[in-house]
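Listed here are the chains, written in short residue letters.
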Amino acid sequence: MERQSLKIIDPVERQPEEGFGQDGMSPMDPPEAYEPPGTEKIALEDLHPFLRDLTDDHARLEAQLELLETALLAVKESGFTREADHAVMRFLSFFDHEFIPHSQLEEAALFPLLKERLIADGEHSQGGEKVTTGVDVMLREHLKSVQSAAVVLNLLRLGSVLPDQRSAFIVIDAALKEAENLIELLRLHMFREDNIVFGQAQRLLSSPELDAMPRPKRPHPH
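What you see is a predicted model; the values in this text were computed from it and never measured.

Things to note about the overall build of the protein
Stage number 1. For the protein, the count of helices and strands is five helices and zero strands.
Stage number 2. Counting from the amino terminus, helix and strand elements in the protein follow one another as α-α-α-α-α.
Stage number 3. Restricting to contacts in the protein with at least 6 residues of sequence separation, those with at least 24 account for 85%.
Stage number 4. If you sum the accessible surface of the protein, you get close to 11,900 Å²; carbon and sulfur atoms cover 54% of it.

Observations regarding the pattern of salt bridges
Stage number 1. Using the criterion set out here, one finds twelve salt bridges in the structure.
Stage number 2. For aspartate 57, the salt bridge goes to arginine 60, with nearest N and O atoms at 2.4 Å. With aspartate 57 and arginine 60 both in helix 1 (residues 49-78) and three residues apart, this pair spans about one turn of that helix.
Stage number 3. Here arginine 203 and aspartate 121 are joined by a salt bridge, their closest N and O atoms 3.2 Å apart. Residue arginine 203 is located in helix 4 (residues 165-204), and its partner aspartate 121 is located in the loop between helix 2 (82-120) and helix 3 (134-161); the two are separated by 82 residues in the primary sequence.
Stage number 4. By relative accessible area, arginine 203 is classed as partly exposed at 42%.
Stage number 5. On the accessibility criterion, aspartate 121 (39% relative accessible area) is partly exposed.
Stage number 6. Each of Asp57, Arg60 and Glu98 takes part in salt bridges that share partners, so that together they form one network.

A short note on the packing of helix 1 against helix 2
Stage number 1. The N-to-C vectors of helix 1 and helix 2 enclose an angle of 155 degrees; their axes lie 10 Å apart at closest approach. One finds that helix 1 runs roughly antiparallel with respect to helix 2. With respect to the hand of their crossing, helix 1 and helix 2 are arranged in left-handed fashion. Counting all contacts with helix 1, which are made through Phe50, Leu51, Leu54, Asp57, His58, Arg60, Leu61, Gln64, Leu65, Leu68, Ala71 and Val75, the residues of helix 2 involved are Ala84, Ala87, Val88, Phe91, Phe94, Glu98, Phe99, His102, Leu105, Glu106 and Leu110.

Procedures and definitions
Residues numbered from 1 in each chain as written. Predicted model: local features only at pLDDT ≥ 70, side-chain atom pairs only at ≥ 80, totals over all residues. Heavy atoms only, no water. Helix = DSSP H or I, 4+ residues; strand = E, 2+ residues; numbered from the N terminus. Contact = heavy atoms within 4.5 Å. Areas by Shrake-Rupley, 256 points an atom, 1.4 Å probe, with all protein chains shown as cover. Salt bridge = Lys/Arg side-chain N within 4 Å of Asp/Glu carboxyl O. Buried < 20%, exposed > 50% of the residue type's maximum accessible area, 1.4 Å probe, protein only. Axes fitted to C-alpha atoms, helices over the stretch in contact; angles between N-to-C directions. Parallel < 35°, antiparallel > 145°, perpendicular 65-115°, else oblique. Left-handed = near helix turned anticlockwise from the far one by under 90°.

Structure (structure tokens):
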């Protein structure tokens, strides 16, 4: 089973300074994580075009998550087939070519200024040596998702070369469970950005500041 070389294969050299979820926001939060207090969701047509482009990226990612989820459900019925393997690899390729550049754009253009404004507006952690905001949560989730995708890829690679079939099945099963975790993480992450972070950006950043943000580059079909 050949594996293409994806940029997500070795992301773990950058470890977060704090344990993921120490602020109570984890990808495995209970359902009330999708009903946070004080959401600032703004109607799509009222969002600044830069922020609307980011939500468009989320819509494309959600479509890919649905395809991946369908493939994982099929595995429970038919076992891990070549088609399922291809479906997971297609998602990882999409993740590599679209989600990572999307995250890098947010991290380089939007998040630094937004964090500065959130702190100035008093929307930050209280107490402790390090001041944190919702931006820090988004950064940790970006890192966690890249690490999770790398785990899926590397476990699938390992499972494809193990000579012992039982061991291979165990490793592949672990890869698919991690893929399920990744789906939940990404959905919760997109929910938080769409319903909280982008609303904060619309409120705290001026139109000229948002106008100056680089627009996402759409990758060529692959």
